[in-house]
Protein chains: 2
Amino acid sequence: MMLVLAESSLELVPPEIWRHPAVLRDAERRGKKPGEILLDRARHHGAMLGLKDAERRGRPDIVHMCMLAFQYSPLNLAGRGSMAVHTIRDVVVRARPDVRPPKNYNNFVGLMEQLLSLGRVPAEGEPLMTAEAKDLRSLLEEAGGRWVVLHERGRRVDPLELGRLLADSVVVVGGFPHGDFKNAWLLEEAEGVYRIGDRPLDAWQVVSKAVTLAEIALGLI
Amino acid sequence: MMLVLAESSLELVPPEIWRHPAVLRDAERRGKKPGEILLDRARHHGAMLGLKDAERRGRPDIVHMCMLAFQYSPLNLAGRGSMAVHTIRDVVVRARPDVRPPKNYNNFVGLMEQLLSLGRVPAEGEPLMTAEAKDLRSLLEEAGGRWVVLHERGRRVDPLELGRLLADSVVVVGGFPHGDFKNAWLLEEAEGVYRIGDRPLDAWQVVSKAVTLAEIALGLI
């Protein structure tokens, strides 16, 4: 499985709100510039009120949970998966399969701030994670141009059948809290659109269940 | 499924280290007393060096991830599960099935601090979560006195069979980062001890996979 977390709610604080008191206070407390800290609704709610598309932004916790669910999974540890995070700002973050992201949220935030500022971590030597400007279409083309999407309006199929399918596919999951993909072609051109269960699920629940179903199919659990 | 997270790494900062500079600084920054903040290895590492059993303590992120994995699951949302968190200090935390814990880690920490200080949240009215002094034996006896344990040295069985079994059981998972249960009787008296896959997994990965397997058995996904 190659997991693509699409249009993910991960970005540095944009210039429009660098001067907002909530942002200045947070940056100062952490000894950074406003443009060097992650946009985080839990800290910058007031500052985000005037932002375009605000309801889809400022949720790095979603990316954190999805990365943990994937990177620490038996699927990834067995070398049977890879993951790319495409962001709402058309940046693609990739981690080496052996990367163990920080489990502590605040440590993860610090790491993402360094990654999005520098384009890589660590700053010197062999990179463990990279960030580069790239749109979703280019990412999916590079991955072979065929993908399936997990989406609440997709088809519900037998979970074991779904697991076998996911194990060998590029699997796209939305990395944002609400609403739909802005890239409408993503669903239209997909080889299949599936859902897991009948209730809307958080992105990381979808990732976690997709990975578990693939692990069953591959005999890893 | 009734999930019991056992010996979980969740507690307020203990009196022995109230005067440590790292603790005082963190408490002051957050406008609380040292005894009112959660012990957190990511913030209090230096202060924890002299603590007894230090390697098993100060990991509220484990409880956070397990609560999110359980409370937001289709299993719980369908009313087919409940969860209790037993802590290393013999406190039992319970949440109503309709409780949606904060997804943001720092907000979760604030909620747990209030809960462990007051014994309940919110402070007035119908409680959504409660915390009471109770040991693991008493908790399991009240739950019927029969349980299975998910543990890396348990038996590996077919995942679908395991799912059917877990769906109808009291399921115990360790809520700590390293080492073994201090309550050795827990494994000896269990009706069964099982593992998921062949690699050691974080507690929340175990919870997440156990819930998913039960959901398959119950036709919820």
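Our subject in this report is the structure included herewith. For every chain, the first residue of the written sequence is number 1, and numbering continues from 1 along that sequence. Ligands are numbered from 1 and chains lettered from A, in the order in which they are written. Residues qualify for local features only when their pLDDT is at least 70, as the model is predicted, and side-chain atom pairs are given and counted only at 80 or more; totals for whole chains, interfaces and linings, by contrast, use all residues. Note that the side-chain values use all heavy atoms of the structure and ignore hydrogens as well as water.

1. Description of the overall build of chain A
Moving on, step 1. Scanning chain A for helices and strands turns up nine helices and eight strands.
Moving on, step 2. Against the globule reference of 17 Å for 221 residues, chain A gives a C-alpha radius of gyration of 17 Å, in line with a compact fold.
Moving on, step 3. For chain A, the C-alpha atoms occupy an extent of roughly 50 × 40 × 30 Å along the three principal directions.
Moving on, step 4. Out of the 221 residues in chain A, the part that is buried amounts to 55%.
Moving on, step 5. Sequence-distant contacts, at least 24 apart, represent 71% of the contacts inside chain A between residues at least 6 apart. Secondary structure elements follow DSSP: runs of H or I no shorter than four residues count as helices, runs of E no shorter than two count as strands, and numbering proceeds from the N terminus. For the radius of gyration, the atoms used are the C-alpha atoms, and the globule rule reads 2.2 Å times the number of residues raised to 0.38. The cut-offs for exposure are 20% and 50% of the maximum accessible area for each residue type, with area from a 1.4 Å probe on protein chains only; residues under the lower value are buried, those over the upper are exposed, and the others partly exposed. Here, residues are in contact when the closest pair of their heavy atoms is within 4.5 Å.

2. A look at the packing of helix α7 (residues 159-167) of chain A against helix α9 (residues 203-217) of chain A
Residues and elements named next belong to chain A.
Moving on, step 1. Fitted lines through C-alpha atoms serve as axes, helices being fitted only where they are in contact, and the angles separating the N-to-C directions of these axes extend from 0 to 180 degrees. The contact between α7 and α9 brings their axes to 7 Å, and the two run at 90 degrees. In terms of orientation, α7 lies roughly perpendicular with respect to α9. Residues Pro159, Leu160, Leu162, Gly163, Arg164, Leu166 and Ala167 of α7 lie in contact with α9, whose contacting residues are Ala210, Leu213, Ala214, Ile216 and Ala217.
Moving on, step 2. The class makeup of the residues in the contact of α7 with α9 is ten nonpolar, one polar and one charged. Should an angle fall under 35 degrees it is taken as roughly parallel, and over 145 as roughly antiparallel, whereas 65 to 115 is taken as roughly perpendicular and any remaining angle as oblique. Gly is placed with the polar residues, together with every amino acid not listed as nonpolar (Ala, Val, Leu, Ile, Met, Phe, Trp, Tyr, Cys and Pro) or charged (Asp, Glu, Lys and Arg).

3. Points about the environment of A:Gly144
Residues and elements named next belong to chain A.
Moving on, step 1. Tracing the backbone through its elements, the reader meets Gly144 in the loop between α6 (136-142) and β6 (148-156).
Moving on, step 2. The exposure class assigned to Gly144 is exposed, which follows from its relative accessible area of 53%.
Moving on, step 3. The spacing of Gly144 and Val170 is 26 residues in sequence and 8.5 Å in space, taken between C-alpha atoms.

4. A closer look at the pairing of strand β7 (residues 170-174) of chain A
Residues and elements named next belong to chain A.
Moving on, step 1. Burial analysis of β7 places five of its five residues in the buried class, the great majority of the element.
Moving on, step 2. At least two DSSP bridges between two strands are required for those strands to pair. One ladder, built from five bridges, connects strand β1 (residues 2-8) with β7; its direction is parallel. When the bridges of β7 are listed, Val4 appears paired with Val172.
Moving on, step 3. Across two bridges, the pairing between β6 and β7 is parallel. Residue Val148 lies in a different strand from β7, and its bridge partner there is Val171.
Moving on, step 4. Each parallel crossover has a hand, and the one from β6 via α7 to β7 is right-handed. For the handedness criterion, the strands are oriented away from the viewer, and a crossover whose path from the first strand over the helix to the second runs clockwise is classed as right-handed.

5. Some points on the side chain of B:Asp61
Moving on, step 1. Note on placement: B:Asp61 falls in helix α3 (residues 60-71).
Moving on, step 2. Given the relative accessible area of 7%, B:Asp61 is considered buried.
Moving on, step 3. Looking at B:Asp61, its side chain comes within polar contact range of the side chain of B:Arg59, at 2.8 Å.
Moving on, step 4. For B:Asp61, the residues in contact, after removing those within four places along its chain, are A:Lys103 and B:Tyr105. The definition of a polar contact used here is a pair of N or O atoms within 3.5 Å, where within protein one atom must be able to donate a hydrogen and the other to accept one, and adjacent residues in sequence count solely through side-chain atom pairs.

6. Some words on the sheet that holds strand β2 (residues 82-87) of chain B
Moving on, step 1. The strand order across the open sheet built from eight strands is β4-β5-β3-β2-β1-β7-β6-β8 (chain B), with neighbouring strands paired in mixed fashion. The open sheet has two edge strands, β4 (120-121) and β8 (192-195) of chain B, and neither has a second partner.

7. A few points about the pattern of salt bridges
Moving on, step 1. Salt bridge criterion: a side-chain nitrogen from Lys or Arg within 4 Å of a carboxyl oxygen from Asp or Glu. Per the stated rule, a full pass over the model turns up 42 salt bridges over all chains.
Moving on, step 2. Across the pair B:Lys103 and A:Asp202 runs a salt bridge whose closest N-O atoms are separated by 2.8 Å. You can see B:Lys103 sitting in the loop between β3 (91-95) and α5 (105-118) and its partner A:Asp202 sitting in the loop between β8 (192-195) and α9, one on each of two chains.
Moving on, step 3. B:Arg195 is paired through a salt bridge with B:Asp198; the nearest N and O atoms lie 2.6 Å apart.
Moving on, step 4. We classify B:Arg195 as partly exposed; its relative accessible area is 23%.
Moving on, step 5. Through salt bridges that share partners, A:Arg94, A:Glu132, A:Lys134 and A:Glu142 make up one connected network.

8. Examining the pairing of strand β1 (residues 2-8) of chain B
Residue and element names in this part refer to chain B.
Moving on, step 1. Burial analysis of β1 places seven of its seven residues in the buried class, which makes it a mostly covered element.
Moving on, step 2. In this sheet, β2 lies alongside β1 in parallel orientation, the contact comprising five bridges. For Leu3, the partnering residue across the bridge sits in β2 and is Met83.

9. Focus on the sheet that holds strand β5 (residues 129-133) of chain A
All names here are of chain A.
Moving on, step 1. Spatial strand order, β4-β5-β3-β2-β1-β7-β6-β8: eight strands in an open sheet with mixed pairing. Either end of the sheet is taken by a strand with one partner, and the two such strands are β4 (120-121) and β8.
Moving on, step 2. Relative to β5, β4 runs antiparallel, the two being bridged by two bridges. Directly across from Val121, in β5, lies its bridge partner Met129.

Taken by themselves, the reported measurements are silent on function.
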